[in-house]
Amino acid sequence: MTNFNTQLLKILCETPGAPGFEKKIRDVIAKEVKSYADKLSFDNMGNIIFYKKGNDNPDKKSVMVAAHMDEIGFIITHIEDNGFLRFHTLGGFDPKTLTAQRVIVHGKKDLVGVMGSKPVHVMTPEEKNKIPKTTDYFIDLGMTKSAVMEVVSVGDPVTRKSELLELGDCVNCKSIDNRVSVFILIEAIKKLDRIPYDFYGVFTVQEEVGLRGANVAAHQINPDFGIALDTTIAYDVPGAQPHEKITSLGEGAAIKIMDASTICDYRMVAFLKETASKNKIKWQPEILTAGGTDTAGLQRMGKHGSISGAISIPTRHLHQVIEMAHKDDITNCVNLLSYALAEINQFNWDH
Ligand SMILES: [Zn+2]
């Protein structure tokens, strides 16, 4: 693997940004892309809008690319008399994945806590067989209520704690969903050369709670074309049937055909496939029947809708702290996005 900026991906994955609390990750991204922009702006919701003017654009066309910068997290709802914290989830958690996790509570300062739950030793046989609920868990900071109250308030966000590791040719961390797409958009921005149409690279907020930032940004930008970047399921693991895989690690950039929120425009699907094949970029098709992405906002929140699709990054163990993606797939996604932005005016969009 040449030129893979693992250090940047590590910083992006490890920087916190629960939905609605994206300031820290927003600052990191803005600093990284600022010098490449004709204009860098922020809307009232906190989306980052990177703009670069097109070089061959008589018809005044625009392309919007969206990568959400938030990550699934929690919000403190109550502080118990003995100092334990109750919380609500921000985004779709599988409750069983909370067991024995470390988290960071972002109060007046950051505090590491652990997700506690009832020990197996004191569970009844019925409790042992029950599927856990998120409300079975609490956060233990190891502190008294008065010490907790000095730092933590109801409404403080909480994120998961994990460090990025390289395993084989893969990267492994929390928040690969969706910092890997933030990484891909940043790397494509750094490689931008001549692009025909006006380009808006948007790092969106609050995707994990319902595509909220992308909706506002697409409404404002009103693009002709939209490409979302997000992770997708790679269920290429023991016990999976071939028809259940969705995608596989190492098999290339995934070109979205549909997800639960969007039927991608058949022209955008054809364009991305053609661009990949022409430039010898490994790709695989993706159909995700559960779960939505910013693609929906891109497609439908502009005044006349847009011709939209998505490039997805195959990811194992999605929405767990051990999300895993393959470096080759990530590089293929950067290349596919770069070529798509450069060649978008060469495609026959009328067919
Ligand atoms: Zn995502």
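Residues numbered from 1 in each chain as written. Predicted model: local features only at pLDDT ≥ 70, side-chain atom pairs only at ≥ 80, totals over all residues. Heavy atoms only, no water.

1. Remarks on the environment of Asp81
Among the secondary structure elements, Asp81 is positioned in the loop between strand S4 (73-79) and strand S5 (85-90). Relative accessible area serves as the criterion here: at 69%, Asp81 is assigned to the exposed category. C-alpha of Asp81 to C-alpha of Ser146: the two residues are 65 residues apart in sequence and 9.0 Å apart in space. (Helix = DSSP H or I, 4+ residues; strand = E, 2+ residues; numbered from the N terminus. Buried < 20%, exposed > 50% of the residue type's maximum accessible area, 1.4 Å probe, protein only.)

2. So, the coordination of the zinc ion
Bound to the zinc ion on the protein side are His68 (NE2), Asp177 (OD), Asp230 (OD) and Asp230 (OD), at distances that span 2.1 to 2.8 Å. Relative to the metal, the four donor atoms surrounding the zinc ion lie at angles of 50 to 145 degrees, and the coordination shape comes out irregular. Site description for the zinc ion: donor spacing in sequence, H-x108-D-x52-D. You can see Asp177 sitting in helix H5 (residues 176-191) and its partner Asp230 sitting in strand S13 (residues 225-233), a full 53 residues away along the chain. Comparing Asp177 with Asp230, the two get one shared label, buried. (Donors = N, O, S within 2.8 Å, 3.2 Å for Na, K, Ca; no water. Tetrahedral: all angles 85-135°; square planar, octahedral: opposite > 155°, others 65-115°.)

3. Some details on the pairing of strand S2 (residues 48-52)
Across the five residues that make up S2, a large majority, five, are buried. Residues of S2 alternate between two faces, with Ile48, Phe50 and Lys52 on one and Ile49 and Tyr51 on the opposite face, all of them buried. Of the strand pairs in this sheet, strand S1 (residues 39-42) and S2 are connected by four bridges, and their pairing is antiparallel. Its bridge partner lying in S2, Leu40 is registered against Phe50. Direction of pairing for S2 relative to strand S12 (residues 198-204): antiparallel, over a ladder of five bridges. Residue pairing across strands places Phe50 opposite Gly201, the latter belonging to S12. (Pairing = 2+ DSSP bridges.)

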